[in-house]
Amino acid sequence: MNRREALTRVAWIMGGTVIGANLFLEGCTRKATGSVESLFEPDTVDLLGNIADTILPPTGSPGAKEAGVGSFIPVMVRDCYTPEDQQVFLDGLRQLDKASNDQFGRKFQELTADERTELLIAADKEAKAYQAKKTENDPNHYFHLVKQLTLLGYFTSELGATKALRYVQVPGRYDGDFPYKKGDKAWAI
């Protein structure tokens, strides 16, 4: 085995631990169930972009919406999720809009940034409670899926990898005693 092949294999192994075992081991083995438009309503990309941007807002680096996470999520749901998980995801988005109407009298898209944050914090608490007591056969909570896809989409995007993380296009030698300064960005490997 040459050095290039060894580095490729190590990159795949490390990428698998970051992405998640389930997606890495099973992959997107299903055929696409049609176009994104057939599964999602036309304004869903913007809704998902706003949800993702509330989870990962722009700070010193670009936010999730600017990184194109709103377009990434529907493709992943369509191509990689089972029809049951797709339905959980879609029902969850409707549930989020219903919660927004119940709490604020407006759709999620019409809320202020603080109201969106408040609503998503409540959804996150609900998801954590659900995930803690679910059995193996129960589906994941929709917000758990949204957060996973948001993080995956953001940190694998060009903006996320190069602006939010420290990125080295061609990694060099291993340095086990690299100085760390509090507040340094993580490495994109």
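This structure is a prediction, so every number in the text was calculated from the model and none was measured.

**Q** Explanation requested: the overall build of the protein in the structure shown.
**A** Broken down by element type, the protein carries 9 helices and 2 strands. The order of α-helices and β-strands along the protein, N terminus first, is α-α-α-α-α-α-α-α-α-β-β. When each of the 189 residues of the protein is scored for burial, the buried share is 32%. Nonlocal contacts in the protein, meaning residues at least 24 apart in sequence, comprise 56% of its contacts between residues at least 6 apart. Counting every atom, the protein has about 12,400 Å² of accessible surface; 56% of that belongs to carbon and sulfur.

**Q** I tried to follow the pattern of salt bridges on my own but got confused; where do I start?
**A** Oppositely charged side chains can pair when the atoms bearing their charge come close. A full pass over the atoms with the stated rule returns 7 salt bridges. Between K128 and D124 there is a salt bridge, and its shortest N-O distance comes to 3.4 Å. Remark: D124 and K128 occur in helix α7 (residues 113–133); sequence separation between them is 4 residues, near one turn of the helix. We classify K128 as exposed; its relative accessible area is 55%. Where D124 meets K147, a salt bridge forms, and the shortest distance between an N and an O atom there is 2.8 Å. Here K147 lies in helix α8 (residues 142–155) and D124 lies in helix α7, a separation of 23 residues in the sequence. A relative accessible area of 18% places D124 in the buried class. By sharing partners, the salt bridges in this structure join D124, K128 and K147 into a single network.

**Q** I would appreciate a short explanation of the packing of aromatic side chains in the present structure.
**A** Pairs of aromatic rings are described using the distance from one ring centre to the other and the angle between the two planes. Evaluated as defined, the whole model comprises 3 aromatic pairs. For the pair F40 and F89, a centre-to-centre distance of 6.2 Å together with 85 degrees between the ring planes defines the contact as edge-to-face. With F40 in the loop between α3 (36–39) and α4 (44–55) and F89 in helix α6 (residues 83–104), the pair connects residues that are 49 residues apart, well separated along the chain. The same class applies to F40 and to F89, which are both buried. Ring centres 5.0 Å apart and planes at 80 degrees place the aromatic pair Y154 and F155 in the edge-to-face group.

**Q** Looking at this model, I keep getting lost on the environment of E115. Mind explaining?
**A** Counting through the fold element by element, E115 comes out in helix α7. With sequence-adjacent residues up to four places away left out, E115 is seen in contact with F104 and R106.

Rules used in this analysis
Residues numbered from 1 in each chain as written. Predicted model: local features only at pLDDT ≥ 70, side-chain atom pairs only at ≥ 80, totals over all residues. Heavy atoms only, no water. Helix = DSSP H or I, 4+ residues; strand = E, 2+ residues; numbered from the N terminus. Buried < 20%, exposed > 50% of the residue type's maximum accessible area, 1.4 Å probe, protein only. Contact = heavy atoms within 4.5 Å. Areas by Shrake-Rupley, 256 points an atom, 1.4 Å probe, with all protein chains shown as cover. Salt bridge = Lys/Arg side-chain N within 4 Å of Asp/Glu carboxyl O. Phe/Tyr/Trp six-rings, centres within 6.5 Å; stacked < 30°, edge-to-face > 60°.

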